[in-house]
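Each chain is listed here by its residues.
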Amino acid sequence: LKKGYDYVQKRGNFNDEDAVIQLGVGKNMVSSIRFWLKAFNIIDNKDIPTDFGKRLFDEENGYDPFLEDEASLWLLHYQLVKNSFASIYNIIFNEFRKEKLLFNKETFVNYIKRLSEGNSEFNFNENTVAKDFIVFTNLYKNDPAGKDIEDSFSGILSEIELLKTTGKGKDELF
């Protein structure tokens, strides 16, 4: 998030060919950085830093430019849920959890499928919802015992401990 914020502050454009070089990541990751900046309300739809983004990441006046304070993670979580750019977070924390405290990928996919059946404008794709759920859990889950070194890194919001495995099954969360 910080790298992307600094990039747009320097008037970088995610659509430029040199964005890959400037950010030091692959093309798909450039798109991912842009997506998450919008999802966390760090930039707006025109790729301009929001007031929230400036208040958090500004080098001189930002509250926590390097995300060292747990309170900043709570603010990011709030923005993610409130913003609804990535709708799964709003759905899970504001709707789905009213029905289920314990859930897994299957129960969530079935919930979304049920919602889609009552709405003809709802475009439901089971594979997409299942993949989104995995991204959701990885953002909040802290699994230091992962099999792969990359899997052992915690998600950016793992420190706020909103999700934990119950022990009933690897994917069962509450």
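Residues numbered from 1 in each chain as written. Predicted model: local features only at pLDDT ≥ 70, side-chain atom pairs only at ≥ 80, totals over all residues. Heavy atoms only, no water.

### Things to note about the overall build of the chain
Defined as follows: Secondary structure elements are defined from DSSP: runs of H or I of at least 4 residues count as helices, runs of E of at least 2 residues count as strands, and each element is numbered from the N terminus. Per-residue accessibility, obtained with a 1.4 Å probe over protein chains only, is compared with the maximum for each type, and a residue is labelled buried under 20%, exposed over 50%, and partly exposed between these values. When checking whether two residues touch, look at their non-hydrogen atoms; a contact exists if any pair is within 4.5 Å. In these tables, accessible area is a Shrake-Rupley quantity obtained with a 1.4 Å probe, and a residue counts as shielded only by the protein chains included in the view.
Per the secondary structure count, the chain includes eight helices and zero strands. Traced from its N-terminal end to its C-terminal end, the chain shows the element sequence α-α-α-α-α-α-α-α. Out of the 174 residues belonging to the chain, those deemed buried represent 38%. If you take every contact in the chain between residues at least 6 apart in sequence, the share linking residues at least 24 apart comes to 47%. Here the chain has roughly 11100 Å² of accessible surface; of this, 46% comes from carbon and sulfur atoms.

### A word on the packing of aromatic side chains
Heads up, the rule is: Note on aromatic pairs: the rings of Phe, Tyr and Trp (six-membered ring only in Trp) are paired at centre separations within 6.5 Å, and the planes decide the class, stacked below 30 degrees, edge-to-face beyond 60, tilted for the rest.
In total, this model carries 17 aromatic pairs according to the counting rule given. Measuring from centroid to centroid gives 5.3 Å for Phe96 and Phe108, while their planes differ by 80°, and the two rings are edge-to-face. Of this pair, Phe96 sits in helix H6 (residues 87-99) while Phe108 sits in helix H7 (residues 105-117), and the two are twelve residues apart along the sequence. By the burial criterion, Phe96 is buried, and Phe108 matches it.

### Focus on the pattern of salt bridges
Going by this rule: By definition here, a salt bridge exists when the distance from a side-chain nitrogen of Lys or Arg to a carboxyl oxygen of Asp or Glu is within 4 Å.
One pass over the structure, following the stated rule, counts six salt bridges. Across the pair Lys164 and Glu161 runs a salt bridge, and its minimum N-O distance is 3.8 Å. Assessed through its relative accessible area of 39%, Lys164 is described here as partly exposed. Here the salt bridges do not stand alone but share partners, grouping Lys2, Asp6 and Glu59 into one network.

### Notes on the packing of H7 against helix H8 (residues 126-140)
The cut-off we apply is this: Fitting a line to C-alpha atoms yields each axis, with helices limited to the stretch in contact; the angle taken between N-to-C directions then spans 0 to 180 degrees. Roughly parallel means an angle under 35 degrees; roughly antiparallel, over 145; roughly perpendicular, 65 to 115; everything else is oblique. Throughout, a crossing is termed right-handed when the near helix is turned clockwise from the far one, and left-handed when it is turned anticlockwise from it by less than a right angle. Each residue gets one label: Ala, Val, Leu, Ile, Met, Phe, Trp, Tyr, Cys and Pro are nonpolar, Asp, Glu, Lys and Arg are charged, and the others, such as Gly, are polar.
Contact geometry for H7 and H8: axes closest at 10 Å, N-to-C directions at 135°. It follows that H7 is oblique to H8 by the angle criterion. Relative to H8, the crossing made by H7 is right-handed. Facing Lys105, Phe108, Val109 and Ile112 of H7, the residues of H8 in contact are Glu126, Val129, Ala130, Phe133 and Ile134. Of the residues in the contact of H7 with H8, the class split is seven nonpolar, no polar and two charged.

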